Amino acid sequence: MERNELYPVFLKVSNLNVLIVGGGNVGLEKLTFLLKSSPKAQVQMVAPEFLPDTLELAEKHNVETTKDVYVKKYLEGKHMVIACTDKPEVNEQVYHDCRRQSKLVNVADNPPFCDFYMGGIVTKGNVKVAISTNGKSPTTAKRLRQFFEDVLPENIDDLVNNLNEYRKTLKGDFEQKVEALNEFTKGLVNKKD
Ligand SMILES: C[C@@]1(CC(=O)O)C2=NC(=C\c3[nH]c(c(CCC(=O)O)c3CC(=O)O)Cc3[nH]c(c(CC(=O)O)c3CCC(=O)O)/C=C3\N/C(=C\2)[C@@H](CCC(=O)O)[C@]3(C)CC(=O)O)/[C@H]1CCC(=O)O
Ligand SMILES: NC(=O)c1ccc[n+]([C@@H]2O[C@H](COP(=O)([O-])OP(=O)(O)OC[C@H]3O[C@@H](n4cnc5c(N)ncnc54)[C@H](O)[C@@H]3O)[C@@H](O)[C@H]2O)c1
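Residues numbered from 1 in each chain as written. Chains lettered and ligands numbered in written order. Predicted model: local features only at pLDDT ≥ 70, side-chain atom pairs only at ≥ 80, totals over all residues. Heavy atoms only, no water.

1. A look at the site of ligand 1
And then number 1: In the vicinity of ligand 1, 21 residues are found, and the nearest of them are Lys30, Thr133, Gly135, Lys142 and Arg145.
And then number 2: Taking Asn106, its side chain carries an N or O atom lying 2.8 Å from an oxygen atom of ligand 1.
And then number 3: Within the side chain of Lys142, one N or O atom sits 2.7 Å away from an oxygen atom of ligand 1.
And then number 4: In isolation ligand 1 exposes 1,100 Å². Once the protein is present, 72% of that is buried.
And then number 5: Broken down by element, the shell around ligand 1 gets its largest block of residues, 5 residues, from helix 4 (residues 138-151).
And then number 6: Here the shell around ligand 1 is composed, by residue class, of 7 nonpolar, 9 polar and 5 charged.
And then number 7: A domain split of the shell around ligand 1 shows at least three residues from each of domain 1 (17-118) and domain 2 (119-152). (Near = heavy atom within 4 Å. Polar contact = N/O pair within 3.5 Å; in protein donor to acceptor, adjacent residues only side chain to side chain. Areas by Shrake-Rupley, 256 points an atom, 1.4 Å probe, with all protein chains shown as cover. Helix = DSSP H or I, 4+ residues; strand = E, 2+ residues; numbered from the N terminus. Nonpolar A, V, L, I, M, F, W, Y, C, P; charged D, E, K, R; others polar. Domains from an automatic or database assignment.)

See the structure below:
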């Protein structure tokens, strides 16, 4: 069986500068999911035309919208870039410019031109589950997201907060704490270890 070898990370996009090149349907979709997870993400968008919905969402979240065609100067100071124009040659230019400057780049909907993929994301309080199908089926990622939104209990955040409090009350060295926390939570899984 083929195996997903991508390495997931949880980015603090409120500390990172993100550039979205393109302001159409796909730009709106990427911005929507980014802000849904990270409402304080630092984002700039550049495109000659923006959809009214994009402008409205951008304004709500202090996203800078720049009416211009893409040129390399917009990469300055950016940590990661998403390209989603309707011009494949522009998207590829963004990809190559970013690679040359060691910036992480995603050409939306174009897996070979992605250093990273956006995932399906479920958030319940402090708990976040990110889903990837290795770029093979975004529809499956969406359906799995909906499935986990349904099955993850709303009170999962209570467990996290209670364990955080319990951890603070524990005495002893790191290993003793780990042992106590594992003993306390072993009923959550069936495996005996
Ligand atoms: C998860 C999600 C996050 C997000 O967008 O933030 C996401 N796509 C979502 C939805 C979605 N996108 C598309 C459809 C239409 C149905 C379909 O084609 O399946 C649907 C479903 C729908 O809308 O119902 C079109 C599409 N997308 C890609 C291709 C190219 C290809 O597959 O080759 C095509 C075809 C374009 C064409 O035909 O030309 C590629 C990518 N889309 C990814 C992410 C990355 C892989 C994630 C993974 O590993 O699974 C990857 C590789 C790159 C990237 O964009 O990062 C978000 C669900 C959010 C949610 O609901 O929770
Ligand atoms: N809409 C979808 O759901 C969908 C699904 C799959 C694939 N696609 C593909 O993704 C691409 C984008 O789709 P869309 O629906 O967002 O298109 P769109 O026409 O709604 O938006 C394109 C955006 O790119 C901008 N743009 C054009 N030239 C630019 C440049 N030189 N620099 C910066 N921005 C520039 C435009 O101003 C506009 O904001 C298309 O190639 C489309 O075929 C779209």
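Now that the structure has been shown, the text picks up again.
2. As for the domain arrangement of the protein
The accessible area lost on association of the parts is a frequent measure of interface size.
And then number 1: Splitting the protein by domain gives domain 1 (17-118), domain 2 (119-152) and domain 3 (159-188).
And then number 2: Summarising the inter-unit geometry, the C-alpha centres of domain 1 and domain 3 are found 41 Å apart.

3. Side note on the site of ligand 2
And then number 1: By nearness alone, 18 residues border ligand 2, and Gly23, Asn25, Val26, Glu49 and Tyr70 come closest of all.
And then number 2: Within the backbone of Gly23, a nitrogen or oxygen atom sits 2.9 Å from an oxygen atom of ligand 2.
And then number 3: Look at ligand 2: alone it shows 830 Å² of surface, and the protein chains cover 63% of it.
And then number 4: One can see that ligand 2 is located within the second largest pocket.
And then number 5: Looking at the shell around ligand 2, the elements with two or more residues in it are helix 1 (25-37) and strand 2 (42-47).
And then number 6: A class-by-class count of the residues in the shell around ligand 2 yields 9 nonpolar, 5 polar and 4 charged. (1 Å grid on protein atoms, 1.4 Å probe; cavity = no way out; pocket = protein on both sides within 12 Å on 5 of 7 lines; lining within 4 Å. Sits in = over half its atoms within 2 Å of the grid points.)

4. Re the nonpolar core
And then number 1: If you look at the biggest cluster of nonpolar residues, it comprises 20 residues, and the most contacted ones within it are Ile20, Leu31, Val43, Met45 and Val63.
And then number 2: At the level of elements, strand 1 (17-21), helix 1, strand 2, helix 2 (52-60) and strand 4 (80-83) are the ones that each hand at least two residues to this core.
And then number 3: Here this core gets 4 residues from one element, more than from any other, and that element is helix 1.
And then number 4: Every residue in contact with Val63, bar those within four places of it in the chain, is listed here: Leu31, Leu35, Val43, Met45 and Ala58.
And then number 5: Residues Leu19, Val21, Tyr74 and Leu75 belong to the second largest nonpolar core, which totals 14 residues. (Core = buried A, V, L, I, M, F, W, Y, C linked by side-chain atoms within 4.5 Å. Buried < 20%, exposed > 50% of the residue type's maximum accessible area, 1.4 Å probe, protein only. Contact = heavy atoms within 4.5 Å.)

5. Quick look at the sheet that holds strand 5 (residues 104-107)
And then number 1: Pairing is parallel across the open sheet formed by 5 strands, whose spatial order is 3-2-1-4-5. The open sheet terminates on both sides in strands that have one partner only, identified here as strand 3 (64-67) and strand 5. Going across the sheet, the axis of each strand differs from the next one's by a mean of 15 degrees, ignoring polarity.
And then number 2: Of the pairings in the sheet, the one linking strand 1 to strand 2 comprises 5 bridges and is parallel in character. By the bridge assignment, Asn17 is partnered in strand 2 with Gln42. (Pairing = 2+ DSSP bridges. Axes fitted to C-alpha atoms, helices over the stretch in contact; angles between N-to-C directions.)

6. Things to note about the packing of aromatic side chains
Any pair of aromatic rings gets described here by the distance separating the centres and the angle formed by the planes.
And then number 1: Under the counting rule described, the total for this entry stands at 3 aromatic pairs.
And then number 2: Ring geometry for Tyr95 versus Phe113: centroids 4.9 Å apart, planes at 85 degrees, classification edge-to-face. On the criterion of sequence distance, the pair formed by Tyr95 in helix 3 (residues 88-100) and Phe113 in the loop between strand 5 and strand 6 (120-124) is long-range, its members being 18 residues apart. Just as Tyr95 is buried, Phe113 falls in that class too. (Phe/Tyr/Trp six-rings, centres within 6.5 Å; stacked < 30°, edge-to-face > 60°.)

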